[in-house]
Amino acid sequence: MKLIVKVFPEITIKSRPVRKQFIRQLGKNIRAVLRDLDPELRVDGVWDNLEVETQVSDSKLLGEMVERLSCTPGIAHFLEINEYPLGDFDDVLEKCKLHFADQLPGKIFAVRCKRGGKHSFSSVEIERHVGSQLRQQCGAAGIDLKHPQVEVRMEIRDQRLFVIHHQHNGIGGYPLGSLEQTLVLMSGGFDSTVAAYQMMRRGLLTHFCFFNLGGRAHELGVMEVAHYLWQKYGSSHRVLFISVPFEEVVGEILGKVDNSQMGVILKRMMLRAATRIAESLSIDALVTGEAISQVSSQTLPNLSVIDSATDMLVLRPLLASHKQDIIDCATQIGTAEFAKHMPEYCGVISVNPTTRAKKPRIEHEESHFDMAILERALERATRITVDRAIDQLGEDLQIEEVGDALPGQIILDIRHPDAAEDEPLALPGIEVQTLPFYAINSRFKELDANRQYLLYCDKGVMSRLHAHHLLSEGHANVRVYRPH
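Here is what the cut-offs are and how they apply
Residues numbered from 1 in each chain as written. Predicted model: local features only at pLDDT ≥ 70, side-chain atom pairs only at ≥ 80, totals over all residues. Heavy atoms only, no water. Buried < 20%, exposed > 50% of the residue type's maximum accessible area, 1.4 Å probe, protein only. Helix = DSSP H or I, 4+ residues; strand = E, 2+ residues; numbered from the N terminus. Arc of directions from axis to C-beta. Contact = heavy atoms within 4.5 Å. Pairing = 2+ DSSP bridges. Core = buried A, V, L, I, M, F, W, Y, C linked by side-chain atoms within 4.5 Å. Domains from an automatic or database assignment. Expected span 1.5 Å × (residues − 1). Buried area = accessible area lost by both parts, 1.4 Å probe. Salt bridge = Lys/Arg side-chain N within 4 Å of Asp/Glu carboxyl O. Polar contact = N/O pair within 3.5 Å; in protein donor to acceptor, adjacent residues only side chain to side chain. Nonpolar A, V, L, I, M, F, W, Y, C, P; charged D, E, K, R; others polar. UniProt positions renumbered as here; feature names shortened; annotations may be inferred.

Participant: What exactly am I supposed to notice about helix 7 (residues 247–256) here?
Facilitator: Given 3.6 residues to a turn, an α-helix orients residues that are three or four positions apart in the same direction. Of all the residues in helix 7, the buried ones are Val 249, Val 250, Glu 252 and Ile 253. Around the axis of helix 7, the buried residues are gathered within 160° of arc, so they sit on the same side. Of the surrounding elements, those touching the buried residues of helix 7 are helix 8 (262–280) and helix 13 (371–379).

Here's what the structure looks like:
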């Protein structure tokens, strides 16, 4: 399979050195993203696009390649093509017939040709010749340039002919790693996941920072959605997942701060901690998922006071977004289901939160706060590369594993719905139910407590993690299914 990758249009208007840098970075990213599928993958760069060629023929692997490229920042779209040496008009006609003859009988069609280089003919001339001959020789119903049923597409580049079979859309943006690094404050909900995606799509290397306000299930849920975002949109680079234990900070705020000021002060403490972490990693900016007045702490006066807690740049890509637009984007990128099932946690809930915070008042309230507690939280923060986060979490968990399911036991397939659909688990005489890992914490309590459940996933890591959590929550009817 050969692909022609068209870069995001904004890249093409950059200066020559910047454009070359961006395209070189995109080539590196494509190699990194597809390396495990084809170690021999060839990626060649030219001025306005990249050519990707693989000798892999397995349809499943090819489909996975297409899926990964569709989610790689920097790509506007890419074309599946067959390449031939450029011949005369009749030779071009024969190559088009080879690929489109069986699609044309009885159909309205159009011929599209893009051309680059010096030739003795125009794009329109070759379109007319090929179109008229295909109509005569292939039994087509007619030609309509505006509303064709079939498009015969080709590109001529110097002395090469590309016959185009299919176009796949990308997500656009800049190649990941071509710009600076950021640290995203992640809660795992709709807003922070969409904000992280938008930074990644813009080419900014995005690390994840989670403030744990008191729940192992919540930490695991945020780690899972961070891993999903990285795997789907950012796996060309290694980034960090940083977890900061903030329970003691919350307790100090609840005990020392006036009720109405608690939400703003909690956000200021998070920015202070995130700034320290970002500075230690030479990261240039913080990112949050805040939108104007979505909640009480996000009014303009409050955001101004919150930002005054740090000298670091704080980016808010969703600042003027409507909630439904954010939810729609989360649905599109695949994080909505995670957000819907994110475990509840107890944070700082003010009865009458201020919407017009005053800096002197906030600083007065903070004077009661023991900053040594914030220092302890930073000392206890954990850092792990997001690609290894879930694997390392499950390494030390001793959970009973079952190699053979017995009649009466129920296997819960907790894989992502796409994986469960592609390779469904079926065992004779054994009931199998699908319950995605991101929903299991919220929905397990709805299941029959008198039945035995065996959790199943491909590697056994996610199943061990969730079995461990459910057991710690008092559900004794849980094991892990690991077939021999």
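Participant: How do you make sense of the sheet that holds strand 4 (residues 75–85) when you look at a structure like this?
Facilitator: Two orientations exist for strands paired in a sheet by backbone hydrogen bonds: parallel and antiparallel. Strand order in this open sheet of eight strands is 2-3-1-4-8-7-5-6, and the pairing throughout is mixed. The sheet is open, and its two edges are formed by strand 2 (42–45) and strand 6 (142–143), each paired on a single side. In terms of strand pairing, strand 1 (residues 2–7) meets strand 3 (residues 49–53) through five bridges, oriented antiparallel. Within strand 3, the position partnered with Lys 2 by the bridge is Glu 53.

Participant: Can you walk me through the nonpolar core in this structure?
Facilitator: Most often, soluble globular proteins keep nonpolar side chains buried together rather than apart. Counting residues in each nonpolar core, the largest one holds 61 residues, and the members touching the most others are Met 186, Phe 208 and Phe 241. Counting residues domain by domain, this core receives three or more from each of domain 2 (179–393) and domain 3 (398–481). With sequence-adjacent residues up to four places away left out, Phe 208 is seen in contact with Leu 183, Val 184, Met 186, Ala 196, Ala 226, Leu 229, Val 239, Leu 240, Phe 241, Ile 242 and Val 386. Counting 37 residues, the second-largest nonpolar core is a separate cluster that includes Phe 211, Met 270, Ala 273 and Ile 362.

Participant: Is there a simple way to think about helix 17 (residues 461–472) in this case?
Facilitator: Taking 1.5 Å per residue, twelve residues should reach 16 Å; helix 17 reaches 17 Å between its end C-alpha atoms and fits that length. Judged by how many residues are buried, helix 17 sits mostly within the fold: nine of twelve residues are covered. Inspection of helix 17 places Val 461, Met 462, Ser 463, Arg 464, Leu 465, His 466, Ala 467, His 469 and Leu 470 among the buried residues, and these make up the whole buried set. Just downstream of helix 17, Gly 474 is the residue with a positive phi angle, here 100°.

Participant: What should I look at first to understand the domain arrangement of the protein chain in this one?
Facilitator: How big an interface is tends to be stated in terms of accessible area lost as the parts join. Segmentation of the protein chain into domains returns domain 1 (2–169), domain 2 (179–393) and domain 3 (398–481). One C-alpha centre belongs to domain 1, the other to domain 2; they are set 42 Å apart. Contact residues are listed per partner, giving ten residues for domain 1 and nine residues for domain 2. A combined buried area of about 720 Å² lies between domain 1 and domain 2, and 52% of that area is made up of carbon and sulfur atoms. Summed over the shared surface of domain 1 and domain 2, the number is two salt bridges. Between Arg 202 and Glu 10 there is a salt bridge; the shortest N-O distance is 3.1 Å. Joining domain 1 to domain 2, the criterion identifies two residue pairs in polar contact (both at pLDDT 80 or more). Considering every element that reaches the side of domain 1 that touches domain 2, the biggest residue donor is helix 1 (residues 16–34), with five residues. Split into classes, the residues belonging to the side of domain 1 that touches domain 2 amount to six nonpolar, two polar and two charged.

Participant: Quick question: what am I supposed to make of the UniProt feature "domain: THUMP" (unreviewed entry) in the protein chain here?
Facilitator: Per the UniProt entry, the sites bearing "domain: THUMP" (unreviewed entry) are residues 63–167 in this numbering. As a span, residues 63–167 carries 34% helix and 36% strand, and end to end its C-alpha atoms are 13 Å apart.

Participant: Please clarify how unusual backbone geometry should be interpreted in this entry.
Facilitator: For residues besides glycine, phi is generally negative; the peptide bonds are generally trans as well. In this model, Asp 158 sits at a positive phi of 55°, which is unusual for a non-glycine residue. With respect to the secondary-structure elements, Asp 158 resides in the loop between strand 7 (150–157) and strand 8 (160–172). By relative accessible area, which is 46% here, Asp 158 ends up partly exposed. Phi at Ser 293 is positive, roughly 60°, even though this residue is not glycine. For Ser 293, the location among the structural elements is in the loop between strand 12 (285–287) and helix 9 (300–307). Judged by relative accessible area, Ser 293 falls into the partly exposed class, the value being 47%.

Participant: Before we go on, may I ask you to explain the sheet that holds strand 16 (residues 410–413) in this structure?
Facilitator: An order of 15-19-18-16-17 is seen for the five strands of this open sheet, with the pairing classed as parallel. Each edge of the open sheet is held by one strand with a lone partner, namely strand 15 (401–402) and strand 17 (431–434).

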